[in-house]
Amino acid sequence: MALEALHETLAMPAQPVFAMRTDSSTGVLCNSLRVHGLIERLHGAARVELPVLQAEVEQAGGRRRALFAINEIVLERQVFQQARLKVTVNGEGDPLIINGDGFVLSTPLGSSGYNRSLGGPFLPLGFSLVALTGIANRRPSDWSPVVLSDRVILDVEVIAAAYRPVRIQTVSETIPNIGRARLFRSPDRTVTLLVEREAQSRLCTPFGRQC
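Parameters at a glance
- Residues numbered from 1 in each chain as written.
- Predicted model: local features only at pLDDT ≥ 70, side-chain atom pairs only at ≥ 80, totals over all residues.
- Heavy atoms only, no water.
- Core = buried A, V, L, I, M, F, W, Y, C linked by side-chain atoms within 4.5 Å.
- Buried < 20%, exposed > 50% of the residue type's maximum accessible area, 1.4 Å probe, protein only.
- Contact = heavy atoms within 4.5 Å.
- Helix = DSSP H or I, 4+ residues; strand = E, 2+ residues; numbered from the N terminus.
- Pairing = 2+ DSSP bridges.
- Axes fitted to C-alpha atoms, helices over the stretch in contact; angles between N-to-C directions.

Student: Would you explain the nonpolar core in this entry?
Tutor: The tendency in soluble globular proteins is for nonpolar side chains to be buried side by side. Grouped together as the largest cluster of nonpolar side chains are 26 residues, with contacts concentrated most on I73, L75, L85, F103, I168 and L183. Among residues more than four places away in sequence, those in contact with L75 are D101, G102, F103, I135, V156, V166, R167, I168, I178 and L183. Grouped together as the second largest cluster of nonpolar side chains are 18 residues, V17, L50, F68 and L125 included.

Right under this line is the structure:
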């Protein structure tokens, strides 16, 4: 899986990923599976730099952890009861109280996936933006999907975490029973995808611009 390979390179920031897929696969991040002339293909591929989201997480018991995401970070309830989340943007203004199943914070790359299925906006690839989209909120009129600068810092507190537990997850990792989290674009991490012309067109077309 291309996203999993990209996540593996977070510990190796200088290592690009050239993903390949068979013709029957739908992997939008992948080039065609051909080994002939692979060295030349690697040298001729375009480099697409992708931002990385970071979450500094404190679990209900006090343990602190960090996780990283290339497409999206999801906070969602882990039991039948709806989650209650207090969200502050850049440490300013009155906090927003979310009652529902949670929310998704997406990069431009992730905006065409889960975010879009929830009614969230497409984001142009290469733009410094993130999308914040709720999941099954109890009062949709109080919460609409919003596009923010990717320099935003979101501080999240789980209200009544013992009775309404919430987990945070990425494509590669899940942390249960969180008490609070700070979400932001990682200041010192990016990943690099190598794409040929065909894959570049397929990757960029849904976002309405050229890479």
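Student: How should I be thinking about the environment of Q59 in this particular structure?
Tutor: Position of Q59 among the secondary structure elements: in strand β3 (residues 46–59). Sequence spacing of Q59 and R167 is 108 residues, and the spatial spacing of their C-alpha atoms is 9.2 Å. Setting aside anything within four residues of it in sequence, one finds Q59 in contact with R65, I175, P176, N177, I178 and G179.

Student: Before we go on, may I ask you to explain the sheet that holds strand β4 (residues 64–69) in this structure?
Tutor: The pairing of strands in a sheet happens through backbone hydrogen bonds and is either parallel or antiparallel. Pairing is antiparallel across the open sheet formed by six strands, whose spatial order is β4-β3-β14-β11-β6-β7. Pairing within the sheet leaves two strands with one partner each, and these edge strands are β4 and β7 (92–100). Looking at each pair of strands side by side, their axes are set apart by 25° on average, direction ignored. Pairing of β3 with β4 involves six bridges; the strand directions are antiparallel. Counted as the bridge partner of Q54 is F68 from β4.

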